[in-house]
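Architecture at a glance
Chain by chain, the residues run as shown.
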Amino acid sequence: MVDSLAPLLTAHLEEDEDSSSPLTFDKILEQSLSDFRFSQFLQIVLVGLALTFDAQQIFITVFTDAYPTWHCLDHTICNPATTDICKIPRSAWEWDGGFKGKSVISEFDLECSSSFRRSLPSSTFYVGSIVGGVVLALIPDGSLGRKQLLFFSSFAMSLTGISIFLSSNIWIYSFLKFVIGFARSQTGTYALVLISERVPTKLRPRATMIPFTLFVLGFMSLSGIAYLVRHASWKILYLCTSVPAGIHSIFIYFFALESPRWLHLEGKNEEAIEVLKRISPANKGYLESVSSRLPPKETLDQTSSYSIKDLFIRKWAFQRVTLVMIIMFGLGMSYYGVPLAVRDIKVNIYLSEALNAMVELPTFVVTPILLEKFSRRSSVLVNCLIGGASGVLCFAMSLYGRTKIAFALELGSFFCARIGFNLMAVYMVELFPTCVRNSATMMLRQALVVGGACCPLIASLGRNIPSLSFAVFGFAMSGLGLFALLLPETKGSSLCDTMEEQEQRDQALKTSQS
C-alpha cells in the first residue's frame, strides 16, 4: 500500500523492472502522479466547480425569499416605520419599485402568512437534502462510477433550478426546492471522492482544499449576481445560477476523467491506465511497461464484511456517533441559519452575504493551526463556546440598535461555525476505523443538514422578534458543543482499519491513563 512506497522515482523504476517484485495499483498511481502537473490542477478545478454551484443553491433563498421593502400610498392610515401592513387595506401600500415579482414573499402574497408557510421552500430544500443523502448513499459504488454520479447529480440540480422559472405558486416552488435538495445532496461527496482518488497521497490534503475554496467562492459570487439582478424577478437569479451549472455538468460529462482507482477495482485496468496517461503524459512509457503486469483485480480487504449496522450494535461506536451528530446538529443550525437571519440586522444584504462568504476563507488556514497546536476536544469545545457567545451577544446588540457591532458578532459566529465543521470533519476521521469511516461521515453530514433544515423556520421568527434567531443559534452551538467533553481525545493517535483494532487501541489508551 502507500506506506510501502519508495519515496524516489528511481526506486520505483528499479522495483518495477524486477518482474518478481509485487506490483500494486497504488504503486503505479503514486509513481505516475508523483509530480503535480497543470493537467491535474485543471481536472481538480473542473470537478471542484460542482461545489461552487452547490453553494449557490444552498444560500440562494437568502435573496429570493427575502422580505422586500414597501412604502405607503395613503399616509393618513399608513406609516412604514410603525404600521403593520397586515392591519391596513392592500390599497394603502405598495412594494418599492411597484414590482411584485421581486421576491417569493411578494409574488406569492406571503407577507401576512405564517412563519411556517414563508419558510416552506427553504425547509423542503433541506428535507430533500436529508432524504437524498440517505437514498443516494445506498447506491453501490460499482453501479455508475464517481464521474457519472457527479454528472447526474449536478445536471438534475441545474435542470430543476431552471424549471423554477415556471413555478406559479408556493407549493410548486416548494416541491421543486425539494427536488433540488434531493439532487444535490451528495454532490460534495462525489466531487471530493473523485478528486482524492486521482491524486497521490502527499498531494491529497492540498488538493481537497481546492473544492472547499471553490465552495466559498460560489457563496461570494452569489451576492454579486443577486446584486446585478436586484431589480429583476427573483426567478432570474435561479436562471443565472442554474444555466451555468447545467453547462458545467456537460463539461464534466465530456472532459472530466473517471477515478482510476475505481476503474481498477472494477477490473477495468486498461481504462485506468489510460486515465493515468491522460493526467500524466510524461509517464506514458512507464505506464505502458507496467500495465501488463497489473493483476486483474485486487483481493477485497476484510473491511468489506463491516457495514453501517456496526455503528449501532457496538456500544462505544453508537455513543460516538450520537455525540458527534449532536454537536454537528448545533453547528449546522449556526452555519446555515446565521446567513439567513442576517437580514434582520438591518444591514445591506448583498454586502453582508459577501462578507459572510469571505470570512470562510481564513478558516482553511486557522483550522490546521488549531489541529497542530491544541487537542481536538478542547479546540471544538472552545470554538463552540466562542461562536455561541457571539450569537447571543449579536442578539443583545441588535436590541440596543448597535447594528455595526451586531453585524461584527454575526460574522464571528459564522466564522466559528465553519471552523467547528472543519474541526469535526478531521475529528470524525480519527474517531472511527476505516471499515465504517464512510458511513460515519455520511451520518455527520446528515446531522449538519438536519440542523440546517430547522433554520428557515427559526430565522423567520426574527420578523416578529428582531434577531431572536441569533440567540437561538448561539445557544444551540455553545450548548450542544459541550458534548465534546464526552468524546475521547485522538490527537497524535494512529488511524485504525477494523473495529477490533479500534477497540484494542482504545483499551490500551485507557490502561495507560489509569
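Residues numbered from 1 in each chain as written. Predicted model: local features only at pLDDT ≥ 70, side-chain atom pairs only at ≥ 80, totals over all residues. Heavy atoms only, no water.

1. Structural notes on the packing of helix H18 (residues 315-341) against helix H25 (residues 468-481)
- The contact between H18 and H25 brings their axes to 8 Å, and the two run at 155°. Here H25 runs roughly antiparallel to H18, going by the angle between their axes. Remark: the crossing between H18 and H25 carries left-handed chirality. Residues Ile-326, Ile-327, Phe-329, Gly-330, Leu-331, Met-333, Ser-334, Gly-337, Val-338 and Ala-341 of H18 form the contact with H25, whose participating residues are Ser-469, Phe-470, Val-472, Phe-473, Ala-476, Met-477 and Leu-480.
- Looking at the contact of H18 with H25 residue by residue, the class counts come to 13 nonpolar, 4 polar and no charged. (Axes fitted to C-alpha atoms, helices over the stretch in contact; angles between N-to-C directions. Helix = DSSP H or I, 4+ residues; strand = E, 2+ residues; numbered from the N terminus. Parallel < 35°, antiparallel > 145°, perpendicular 65-115°, else oblique. Left-handed = near helix turned anticlockwise from the far one by under 90°. Contact = heavy atoms within 4.5 Å. Nonpolar A, V, L, I, M, F, W, Y, C, P; charged D, E, K, R; others polar.)

2. Re the UniProt feature "transmembrane region" (unreviewed entry) in the protein chain
- In the numbering used here, UniProt assigns the "transmembrane region" (unreviewed entry) feature to residues 123-140, 149-172, 207-230, 236-256, 317-337, 380-400, 412-432 and 468-487.
- With 75% helix and 0% strand, residues 149-172 has its two end C-alpha atoms placed 26 Å apart.
- End-to-end, the C-alpha atoms of residues 468-487 are 31 Å apart, and along that stretch the chain is 70% helix and 0% strand. (UniProt positions renumbered as here; feature names shortened; annotations may be inferred.)

3. Things to note about a nonpolar patch on the surface
- Residues Phe-155, Leu-159, Ile-162, Val-243, Ile-247, Ile-250, Phe-251, Tyr-253, Phe-254 and Phe-255 make up a contiguous nonpolar surface patch of roughly 920 Å² in combined accessible area.
- Secondary-structure elements contributing two or more residues to the nonpolar patch are helix H9 (146-163) and helix H13 (234-255).
- Examining the composition of the nonpolar patch, we find that 7 residues originate from one element, H13, more than from any other.
- Here Val-243 is to be found in helix H13.
- According to the relative accessible area criterion, Val-243 is partly exposed, its value standing at 39%. (Patch = residues over 30% accessible without salt bridge, like charges linked within 9 Å, V, L, I, M, F, W, Y side chains within 5 Å. Areas by Shrake-Rupley, 256 points an atom, 1.4 Å probe, with all protein chains shown as cover. Salt bridge = Lys/Arg side-chain N within 4 Å of Asp/Glu carboxyl O. Buried < 20%, exposed > 50% of the residue type's maximum accessible area, 1.4 Å probe, protein only.)

4. Considerations on the packing of aromatic side chains
- Counting across every chain of the model gives 23 aromatic pairs.
- When the ring of Tyr-67 is compared with that of Trp-95, the centres are 6.3 Å apart and the planes differ by 70°; the resulting orientation is edge-to-face. Of this pair, Tyr-67 sits in the loop between helix H4 (61-64) and strand S1 (70-72) while Trp-95 sits in strand S2 (residues 93-95), placing them 28 residues apart in sequence.
- Considering the side-chain rings of Trp-70 and Trp-93, the 6.0 Å spacing of their centres and the 70° angle between planes classify their relative orientation as edge-to-face. Note that Trp-70 is positioned in strand S1 and Trp-93 in strand S2, a separation of 23 residues in sequence.
- The structure contains a cluster of three or more aromatic residues connected by ring pairs, namely Phe-59, Phe-125, Tyr-126, Phe-219, Tyr-335, Tyr-336 and Phe-414.
- For the cation-ring pair, Lys-147 lies above Tyr-253, with the distance from its terminal atom to the ring centre recorded as 5.9 Å.
- Across the ring face of Tyr-227, the terminal group of Arg-230 is positioned such that the distance to the ring centre comes to 3.8 Å. (Phe/Tyr/Trp six-rings, centres within 6.5 Å; stacked < 30°, edge-to-face > 60°. Lys NZ or Arg CZ within 6 Å of the ring centre and 35° of its normal.)

5. Quick word on the state of the cysteines
- All told, the structure shown has 1 disulfide when counted by the stated rule.
- Linked covalently through their sulfurs, Cys-86 and Cys-112 form a disulfide whose S-S length is 2.0 Å. The sign of the S-S torsion, about -110°, decides the handedness of the disulfide formed by Cys-86 and Cys-112: left-handed. Placement of the pair is Cys-86 in the loop between S1 and S2 and Cys-112 in the loop between helix H5 (104-107) and helix H6 (115-118), with a sequence separation of 26 residues.
- Accessibility expressed as a relative area gives 38% for Cys-86, which makes it partly exposed.
- Classification of Cys-112 by relative accessible area gives partly exposed; the value is 44%. (Disulfide = S-S within 2.5 Å.)

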